[in-house]
Amino acid sequence: MSERLNVKVLLLVGDEAEIVADAPDAATPERYPAGVIAEAVGLAARDLPGRRLTAEVGAGHRLTGWALR
């Protein structure tokens, strides 16, 4: 069973979304394709910044399985 993690979309940088764990001590954002996330949650990529989502933690600690929180 995959672990689900709460995350927040900070901003868009070109075609990528900067994602950070939704926790007070989270510091380092990671970038993921904004189009992939937007399609998974049913939003336009431009509407992602500020959104709180959940994601599955997969191999290599990469996030997949995006969903709105």
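Residues numbered from 1 in each chain as written. Predicted model: local features only at pLDDT ≥ 70, side-chain atom pairs only at ≥ 80, totals over all residues. Heavy atoms only, no water.

Let us look at the sheet that holds strand β2 (residues 16–21). Backbone-to-backbone hydrogen bonds join strands into a sheet, with any given pair of strands oriented parallel or antiparallel. Taken together, the five strands give an open sheet; going across it, the order is β3-β2-β1-β4-β5, and neighbouring strands pair in antiparallel fashion. The sheet is open, and its two borders are formed by β3 (30–33) and β5 (63–68), each paired with just one other strand. Put simply, the sheet's adjacent strands are angled 45 degrees from each other on average, direction ignored. Across four bridges, β2 lies against β3 in antiparallel orientation. For E16, the partnering residue across the bridge sits in β3 and is P33. Of the strands in this sheet, β1 (3–13), β2, β3, β4 (52–57) and β5 are in contact with helix α1 (residues 34–41), which crosses β3 at around 65 degrees. (Pairing = 2+ DSSP bridges. Helix = DSSP H or I, 4+ residues; strand = E, 2+ residues; numbered from the N terminus. Axes fitted to C-alpha atoms, helices over the stretch in contact; angles between N-to-C directions. Contact = heavy atoms within 4.5 Å.)

In the structure shown here, the tally under the stated rule is five salt bridges. With a closest N to O distance of 3.0 Å, E18 and R31 form a salt bridge. Highlighted residues: E18 in strand β2 and R31 in strand β3, separated in sequence by 13 residues. Across the salt bridge formed by D22 and R69, the nearest N and O atoms sit 2.4 Å from each other. One end of the pair, D22, is in the loop between β2 and β3; the other, R69, is in the segment after β5, and 47 residues separate them in sequence. Through salt bridges that share partners, D22, R52 and R69 make up one connected network. (Salt bridge = Lys/Arg side-chain N within 4 Å of Asp/Glu carboxyl O.)

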